[in-house]
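Descriptive structure summary
The lines below spell out each chain.
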Amino acid sequence: MLNPEINPIQLAHEPAAADAIADTAAWCDLSKAKGVLITVLHYRGGDTDLVLHVHEGAAASGTTAITAAFPIWYASDALTDPTLVRQADAASFTIDTGLHTGSQVVQFYIEAGILSAGCRYVQLGTSGGHASSIASITYELVGTRYQNNEAL
């Protein structure tokens, strides 16, 4: 069951020019969750590919890319057919704006267990993108766990 108490949604980056997002998305803390579903909404305005990757960190900073492959889903023209199609697991994804000219949706599922030892934060990073293309990013925590109020 989807429930905002166990699957809270966090705005990672407001809608912005795709070339301006770079590594400025918010960080997401996975210390109390099983994982995170990262959703990127992209509307093509110009033909410059947008490369998506995920950073990990022990703190909410840095640009260390996750090297482990993770599940990816993609809808190449989300306005006419919103069906998300499973892609090959990978550590990044490129939206080919020459091939797909409408609105795209990309989802990554990052399981907390794939993060390097000591890391608990993730951040979506991008490179490329076009100034007239628009993208936005959300994080949906999966299996959020609340800690007991007693001191450990």
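Described in the following lines is the structure provided in the data block.

**Notes on the nonpolar core**
Judged by nonpolar contacts, the single largest core of 30 residues is most densely connected at Phe108 and Ile110. Sorting elements by how many residues they give to this core places strand E11 (residues 134-142) first, with four residues. When near neighbours in sequence (up to four residues on either side) are disregarded, Ile110 contacts Leu30, Gly35, Val36, Ile38, Val54, Ile66, Phe70, Leu115 and Val122.

**So, the pairing of strand E9 (residues 103-111)**
In terms of burial, E9 is a largely internal element, eight of the nine residues being buried. Summarising the sheet, strand E3 (residues 35-43) and E9 pair through nine bridges and their orientation is antiparallel. Bridge pairing links Gly35 to Glu111 in E9. Where strand E6 (residues 70-75) lies against E9, four bridges are found, and the strand directions are antiparallel. Bridge assignment links Ile72 to a residue of E9, and that residue is Phe108.

**What to know about the pattern of salt bridges**
One pass over the full model with this rule turns up two salt bridges. Its salt-bridge partner being Arg120, residue Asp29 comes within 2.6 Å of it at the nearest N-O pair. Placement of the pair is Asp29 in strand E2 (residues 28-29) and Arg120 in the loop between E9 and strand E10 (121-128), with a sequence separation of 91 residues. Accessibility expressed as a relative area gives 34% for Arg120, which makes it partly exposed. Note that Arg86 is salt-bridged to Asp89, the shortest N-O span being 2.6 Å. Judged by relative accessible area, Arg86 falls into the partly exposed class, the value being 44%. The class for Asp89 is partly exposed, based on a relative accessible area of 40%.

The rules behind the values
- Residue numbering note: each chain is counted from 1, following its sequence as written.
- Confidence filtering applies because this is a predicted model: local features only for residues at pLDDT of at least 70, side-chain atom pairs given and counted only at 80 or more, and all residues used for totals across whole chains, interfaces and linings.
- Heavy atoms throughout the structure, all of them, feed into the side-chain values; hydrogens and water do not.
- The set of buried Ala, Val, Leu, Ile, Met, Phe, Trp, Tyr and Cys residues whose side-chain atoms join them within 4.5 Å is what this entry labels a nonpolar core.
- Summary of the burial criterion: residues with accessible area below 20% of their type's maximum are buried, those above 50% are exposed, and those between are partly exposed, where the area comes from a 1.4 Å probe applied to protein chains only.
- Strands here are runs of E lasting at least two residues and helices are runs of H or I lasting at least four, both read from the DSSP assignment and numbered beginning at the N terminus.
- We call two residues contacting when some pair of their heavy atoms lies within 4.5 Å.
- Only when DSSP finds a minimum of two bridges between them are two strands counted as paired.
- Salt bridges are counted wherever a side-chain nitrogen of Lys or Arg sits within 4 Å of a carboxyl oxygen of Asp or Glu.

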